[in-house]
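# Architecture and fold: a report
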Amino acid sequence: GFSKGGGGKDKGKGGGGKGDDACKLFVGGLPQSVTQEALSQHFMAFGSVARVDLKYDEEGGFRGFGFVTFSDASSVDLVTANDGNNNFEGKWIDCKPSGAPPGAGGGKDSGKGGKGGKDKGKSKGGFDKGKGKSGGKDKGKSKGKGKW
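Looking now at the overall build of the protein chain. Each helix and strand counted, the protein chain has four helices and six strands in total. Shown N-terminal to C-terminal, the secondary structure of the protein chain runs as helices and strands in the order α-β-α-β-β-α-β-β-β-α. Within the protein chain, buried positions represent 29% of all 148 residues. For the protein chain, the share of sequence-separated contacts (at least 6 apart) that also reach a separation of at least 24 residues comes to 67%. Accessible surface for the protein chain amounts to roughly 9,500 Å². Of this, 54% is attributable to carbon and sulfur atoms.

With that settled, consider the nonpolar core. The biggest cluster of nonpolar side chains holds 18 residues, and the ones touching the most others in it are Leu25, Val27, Leu30, Leu39, Phe43, Val68 and Phe70. Taken together, the elements giving at least two residues each to this core come down to β1 (24–28), α2 (36–43), β2 (49–56), β3 (62–70) and α3 (73–81). Leave out the neighbours within four places in its chain, and Phe43 touches Leu25, Val27, Val49, Val68, Phe70, Val79, Ile93 and Cys95.

Strand order across the open sheet formed by four strands is β2-β3-β1-β6, with antiparallel pairing between neighbours. Edge positions in the sheet fall to β2 and β6 (94–97), since each of these pairs with one other strand and no more. Averaged over all adjacent pairs, the angle separating strand axes in this sheet is 20°, with direction ignored. In terms of strand pairing, β1 meets β3 through five bridges, oriented antiparallel. Within β3, the position partnered with Lys24 by the bridge is Thr69. Sheet strands in contact with α2 are β1, β2, β3 and β6, and its direction is about 135° off that of β2. Sitting on the sheet, α3 touches β1, β3 and β6, and the angle it makes with β6 is about 140°.

Looking now at the confidence of the model for the protein chain. Averaged over every residue, the pLDDT of the protein chain is 72; residues scoring 70 or more account for 53%. Counting contacts from residues 3–18, a segment whose pLDDT is below 50, to residues more than four positions away or on other chains yields 20 contacts. Within the model, the stretch residues 100–137 combines pLDDT values under 50 with 29 contacts to residues more than four positions away or in other chains.

Turning next to the side chain of Ser98. Here Ser98 is to be found in the loop between β6 and α4 (106–147). The buried category is assigned to Ser98, whose relative accessible area is 17%. Those residues within four positions of Ser98 in sequence are excluded, and the remaining contacts are Lys24, Leu25, Phe26 and Phe67.

Attention shifts here to α2. What α2 keeps buried is the set Leu39, Ser40 and Phe43. Viewed end-on, α2 has its buried residues packed into an arc of 100°, placing them on one side of the element. Structurally, α2 contributes buried residues whose contacts are with β1, β2, β3, α3, β4 (87–88) and β6.

What counts and what doesn't
Residues numbered from 1 in each chain as written. Predicted model: local features only at pLDDT ≥ 70, side-chain atom pairs only at ≥ 80, totals over all residues. Heavy atoms only, no water. Helix = DSSP H or I, 4+ residues; strand = E, 2+ residues; numbered from the N terminus. Buried < 20%, exposed > 50% of the residue type's maximum accessible area, 1.4 Å probe, protein only. Contact = heavy atoms within 4.5 Å. Areas by Shrake-Rupley, 256 points an atom, 1.4 Å probe, with all protein chains shown as cover. Core = buried A, V, L, I, M, F, W, Y, C linked by side-chain atoms within 4.5 Å. Pairing = 2+ DSSP bridges. Axes fitted to C-alpha atoms, helices over the stretch in contact; angles between N-to-C directions. pLDDT = per-residue confidence, 0-100. Arc of directions from axis to C-beta.

Printed below as a string of structure tokens:
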């Protein structure tokens, strides 16, 4: 049961990483002064940048995070491997694979489902024990028939 739970987590990540999302990087902790151009220049060190998506609220204020989409998924791996050194304009920025479209959280939710798998494993154990008991009763009946 436990190994199934772990599988759920991995499937979650893989499921989210289809198509463009594998090339997409979440970038948090950005300064208010950031521009798409500046961020694009910064991440060109890791590979060809396809697009930069900065997130703003309804009033047009920058929300402090965005997404950088690379042409190649391996660039995302390079950035995440460099995690402790990802500084932008002298400030550490939080870079991690986006894995799924914003809001959908596909990878995360599938991972939670994996945990559910662990619980199912436990409950199955309970059911099996129950079956074992009823099996005993049936044996008892068959013995009775034998004596008859």
